[in-house]
Amino acid sequence: MSANSPAAQLQIVCPVCTRHCRLKEGDIGFCCARQAKNGEVISISYNRITAFALDPIEKKPLSFFRPGEKILSVGSFGCNMNCYFCQNYDIARAKPDSIPTRYIAPIELVGLALSMKDEGNCGIAFTYNEPLVSYEYVRDTAEIAREQGLETVVVTNGQLTTRFLEELLPLITAWNIDLKAFSEQAYRRLGGDLETTKETIRRAAAHAHVEVTTLVVPGLSDDSKEMEAEAKFLASIDPQLPLHLTRYFPRYRSTEKATDIALLHELRDIASQHLDRVILGNV
Ligand code: SF4
């Protein structure tokens, strides 16, 4: 298709996340992981792995799922949000051609995960960048992994549209979902949508093990009233749902000092009035 042909000028709307990027032929979406090609928006990070490690499962963080075991953790590149404090910005905000990647097909990744069983590996975790901007890779790998009896874990910001989330739900055995803050205003600042993440948590919790993480960032997600509202919301799904409150350290474009530890304890006490399992992280 020539760049000047009428078809090339048409805009295609990406259906995968709530950003709904409008792309012309050849354009790359906000996440840098999808591109308009031949009239559809395809994943350009499929098979491309930037980070690979056999991690303790507690590092995801998952504290109540296969405790003491390890999980083969993989990341690619790209993200659909724009958090100024991103802890993994080197891969999350990377351009497709600016980052070295190793090509690993789903079947090969499952083979690697199986070969690590003797080292205590229980499955595969899709993590580090936002894995669901390339949900096809997660879906295809998880399908094979489930057949082989492996656990499948997704660590995500939850900004996936319902249609694609529903496709993944039967394939994923545990989720850690970032609830970045509990106000629409904060979510707008980060380029996301609070209601979408809440809906992802609700739906995932109906199918699989779910833990939620809130990175407590000064001035964004450290308000006590919002923490109370967040805890009440999570308790309305299940008071046993684990909430990780993790300490923020300045990264990427953020300049605020690390979260005050006394404040973290205060927020944990507030959340603990509604939830049975509130865990502090990075302290
Ligand atoms: S997945 Fe990427 S290309 Fe698609 S709407 Fe979201 S940010 Fe845009």
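For the structure itself, consult the block above.
As the structure is a prediction and not an experimental result, all values here were calculated from the model. (Residues numbered from 1 in each chain as written. Predicted model: local features only at pLDDT ≥ 70, side-chain atom pairs only at ≥ 80, totals over all residues. Heavy atoms only, no water.)

Caption draft 1: Here's a closer look at the sheet that holds strand β11 (residues 174-178). Here 8 strands make up an open sheet; going across it, the order is β6-β7-β9-β10-β11-β12-β13-β14 and the pairing mixed. Edge positions in the open sheet fall to β6 (51-56) and β14 (278-281), since each of these has one partner strand only. Direction aside, neighbouring strands of the sheet carry axes that sit 20° apart on average. Alignment of strand β7 (residues 70-75) against strand β9 (residues 121-126), held across 4 bridges, turns out to be parallel. What sits directly across from V74, in β9, is F126. (Pairing = 2+ DSSP bridges. Helix = DSSP H or I, 4+ residues; strand = E, 2+ residues; numbered from the N terminus. Axes fitted to C-alpha atoms, helices over the stretch in contact; angles between N-to-C directions.)

Caption draft 2: Expanded view of the site of the ligand. Taken together, the neighbourhood of the ligand is formed by C14, V16, C17, R19, H20, C21, G29, F30, C31, R34 and N80. Its residues placed into classes, the shell around the ligand shows 6 nonpolar, 3 polar and 2 charged. (Near = heavy atom within 4 Å. Nonpolar A, V, L, I, M, F, W, Y, C, P; charged D, E, K, R; others polar.)

Caption draft 3: Representation of the pairing of strand β4 (residues 40-43) in the model. The alternating pattern of β4 places V41 and S43 on a buried face and E40 and I42 on a face that is not buried. Pairing of strand β3 (residues 34-37) with β4 involves 4 bridges; the strand directions are antiparallel. Following the sheet pairing, A36 is matched in β4 by V41. (Buried < 20%, exposed > 50% of the residue type's maximum accessible area, 1.4 Å probe, protein only.)

Caption draft 4: Expanded view of the packing of helix α7 (residues 194-205) against helix α8 (residues 224-237). Closest axis-to-axis distance for the α7/α8 pair is 10 Å, and the angle between their directions is 25°. On the basis of their axis angle, the class for α7 and α8 is roughly parallel. Of the two elements, α7 crosses α8, and the hand of that crossing is right-handed. Here K198, I201, R202 and A205 of α7 come into contact with α8, specifically with F233, L234 and I237. A per-class count over the contact of α7 with α8 returns 5 nonpolar, no polar and 2 charged. (Parallel < 35°, antiparallel > 145°, perpendicular 65-115°, else oblique. Left-handed = near helix turned anticlockwise from the far one by under 90°. Contact = heavy atoms within 4.5 Å.)

Caption draft 5: Broad picture of the environment of E69. Within the secondary structure, E69 sits in the loop between β6 and β7. The spatial distance from the C-alpha of E69 to the C-alpha of P96 is 33 Å, given a sequence separation of 27 residues. At 3.0 Å, the side chain of E69 and the side chain of R66 are in polar contact. (Polar contact = N/O pair within 3.5 Å; in protein donor to acceptor, adjacent residues only side chain to side chain.)

Caption draft 6: Region of interest: the pattern of salt bridges. By the definition in use, this model includes 13 salt bridges. Salt-bridge contacts for D55 lead to K59; the nearest nitrogen and oxygen are separated by 3.7 Å. Note on D55: relative accessible area 6%, which makes it buried. Residue classification places K59 among the exposed residues on the basis of a relative accessible area of 58%. A salt bridge links R268 to D269, with the nearest nitrogen and oxygen atoms 4.0 Å apart. (Salt bridge = Lys/Arg side-chain N within 4 Å of Asp/Glu carboxyl O.)

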